[in-house]
Amino acid sequence: MPHILVFDSGIGGTSVLTHIQSALPEADYTYIMDNALLPYGLQTEETIQNRLANLVNKISSNFFGEVDLIVIACNTASTYALAHIRQFTQIPIVGVVPAIKPAAQISIRKHIALLATPATSKNQYTQSLVSEFAQDCQVSFYHSTELVRLAERKFWLNEDVREGVNKELSSIKVDNQADVLILGCTHFPILKYEIAEFYKTQCVLIDSGTAIAKRVKHLLGGSIDEAEIKKPLQFYATALNDVPAIAGYDVKSLYL
Ligand code: DGL
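Remember, predicted model here, so these are calculated numbers, not experimental data. (Residues numbered from 1 in each chain as written. Predicted model: local features only at pLDDT ≥ 70, side-chain atom pairs only at ≥ 80, totals over all residues. Heavy atoms only, no water.)

**Digging into the pattern of salt bridges**
Heads up, the rule is: Salt bridges are defined as contacts in which a side-chain nitrogen from Lys or Arg sits within 4 Å of a carboxyl oxygen from Asp or Glu. Note on conventions: DSSP H or I runs of at least 4 residues are helices, E runs of at least 2 residues are strands, and numbering of each starts at the N terminus. Buried, partly exposed and exposed residues are distinguished by accessible area as a fraction of the type maximum, computed with a 1.4 Å probe on protein chains only: under 20%, between the cut-offs, and over 50%, respectively.
Applying the stated rule across the entire model yields 6 salt bridges. Between Asp34 and Arg51 there is a salt bridge whose closest N-O contact spans 2.8 Å. Pair noted here: Asp34 is in the loop between strand 2 (28-33) and helix 2 (45-60) and Arg51 is in helix 2, with a separation of 17 residues, a long-range link. Residue Arg51 is classed as buried on the basis of its relative accessible area, which comes to 15%. Across the pair Arg153 and Glu159 runs a salt bridge, and its minimum N-O distance is 2.8 Å. A relative accessible area of 30% places Arg153 in the partly exposed class.

**Some remarks on the UniProt feature "binding site: substrate" (unreviewed entry) in the chain**
What counts here: UniProt positions are given in the numbering used here, feature names are shortened, and annotations may be inferred rather than shown by experiment. Contacts are assigned to residue pairs with any non-hydrogen atoms lying within 4.5 Å of each other.
In the UniProt entry, the feature "binding site: substrate" (unreviewed entry) is given for Asp8, Ser9, Tyr40, Gly41, Asn75, Thr76, Thr186 and His187. Judged by maximum C-alpha separation, these annotated positions cover 180 residues in sequence but sit close together in space, the widest gap being only 11.7 Å. For Gly41, the position within the fold is in the loop between strand 2 and helix 2. Gly41 sits in the buried class, given a relative accessible area of 8%. When near neighbours in sequence (up to four residues on either side) are disregarded, Gly41 contacts Thr76, Thr117, Pro118 and Ala119. Positionally, Thr76 belongs in helix 3 (residues 75-86).

**A word on the environment of Ser144**
Within the secondary structure, Ser144 is located in the loop between strand 6 (138-143) and helix 7 (146-157). On the basis of relative accessibility, which here comes to 2%, the residue Ser144 falls in the buried class. Residues Ser144 and Asn50, spaced 94 residues apart in sequence, show a C-alpha to C-alpha distance of 24 Å. Contact partners of Ser144, with chain neighbours within four places excluded, come to Leu115, Ala116, Thr117, Pro118, Glu168, Ile172 and Phe188.

**A closer look at the site of the ligand**
Counted only if it meets this: To be near a molecule or strand, a residue needs just one of its heavy atoms within 4 Å of it. We call two N or O atoms a polar contact when they sit within 3.5 Å, provided that within protein one can donate a hydrogen and the other can accept it, with sequence-adjacent residues counted only if both atoms are side-chain atoms. Only the protein chains shown count as cover for residues, with accessible areas throughout obtained via the Shrake-Rupley method and a probe of 1.4 Å. Amino acids outside the nonpolar list (Ala, Val, Leu, Ile, Met, Phe, Trp, Tyr, Cys, Pro) and the charged list (Asp, Glu, Lys, Arg) are all regarded as polar, and Gly is one of them.
Contacts to the ligand come from 14 residues, most closely from Ser9, Tyr40, Thr76, Thr186 and His187. Contacts to the ligand include Thr76, whose side-chain N or O atom sits 2.6 Å from an oxygen atom. One of the backbone N or O atoms of Thr186 is found 2.8 Å from an oxygen atom in the ligand. With the chains in place, 100% of the 300 Å² that the ligand exposes on its own is no longer accessible. Here the residues of the shell around the ligand are counted per class, giving 6 nonpolar, 7 polar and 1 charged.

**A look at the pairing of strand 1 (residues 3-8)**
The criterion, for reference: At least two DSSP bridges between two strands are needed for those strands to be called paired. By the criterion used throughout, a crossover qualifies as right-handed when its path from the first strand across the helix to the second strand runs clockwise, the strands pointing away from the viewer.
The buried fraction of strand 1 amounts to 6 of the 6 residues, a majority that puts the element mostly inside the structure. Here strand 1 shows no split at all, with His3, Leu5 and Phe7 on one side and Ile4, Val6 and Asp8 on the other all buried. Note that strand 1 and strand 2 share 6 bridges and pair parallel. Its bridge partner being in strand 2, Phe7 is matched across the sheet by Ile32. With helix 1 (residues 14-23) bridging strand 1 and its parallel neighbour strand 2, the resulting β-α-β unit is right-handed. The sheet contact formed by strand 1 and strand 3 (residues 69-72) spans 4 bridges and is parallel. Each bridged residue has a counterpart across the sheet, and for Phe7 the counterpart in strand 3 is Ile72.

Okay, here's the thing in structure tokens:
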């Protein structure tokens, strides 16, 4: 039975985890959030690389038991630190990066928009995705940390965040010529109903969740043993005090 470890700065990675769990329901899962440094979108490249190197160290010391695959379910961490952390482990790592390639492929007007964290929207990795896969498109860049905060509130407190999302998107003002909006932060699919309601037919929303689940299944598919019983999800946070006590989540503390 494969053990998959999913990482994000907060609960954004659960939007990817859900897709992976439906593709591989029998696998064991550990979810880790580095909420002590949330939001990652405002951290430096160096800080994120160090945090992820510490995480890989912990994984290599078998702190979480044997891990078969690591999913960095965070666009900010993946675009800043994937290449860096791959040096430190043999365990396969799947990163989540903005869905620029599929967005460019489906755009009819050849104008796409990326909504991500401040770090992701400006970094070199994202630029390289644009030059590799969206040469024929105009690409408009937008960022928000407020949407990350609202996604956390919706997830933990079940809060109705529609008003906050509308206010934030009204101030972001995505160019209405763009026909595809990339949700380039894993927190944003948690708000996809609110975001879709705001844009109505102006643009199509796209994220990386399904593609990542396919990739994980492709890498691990052969090792799934249907007969085994699934273990409950292990859940760790680097700032346990900031996690509201909610029934159903037994969150453990982690030092990175
Ligand atoms: N969920 C993360 C991402 O995909 C980062 C959110 C944050 O911590 O700023 O980029």
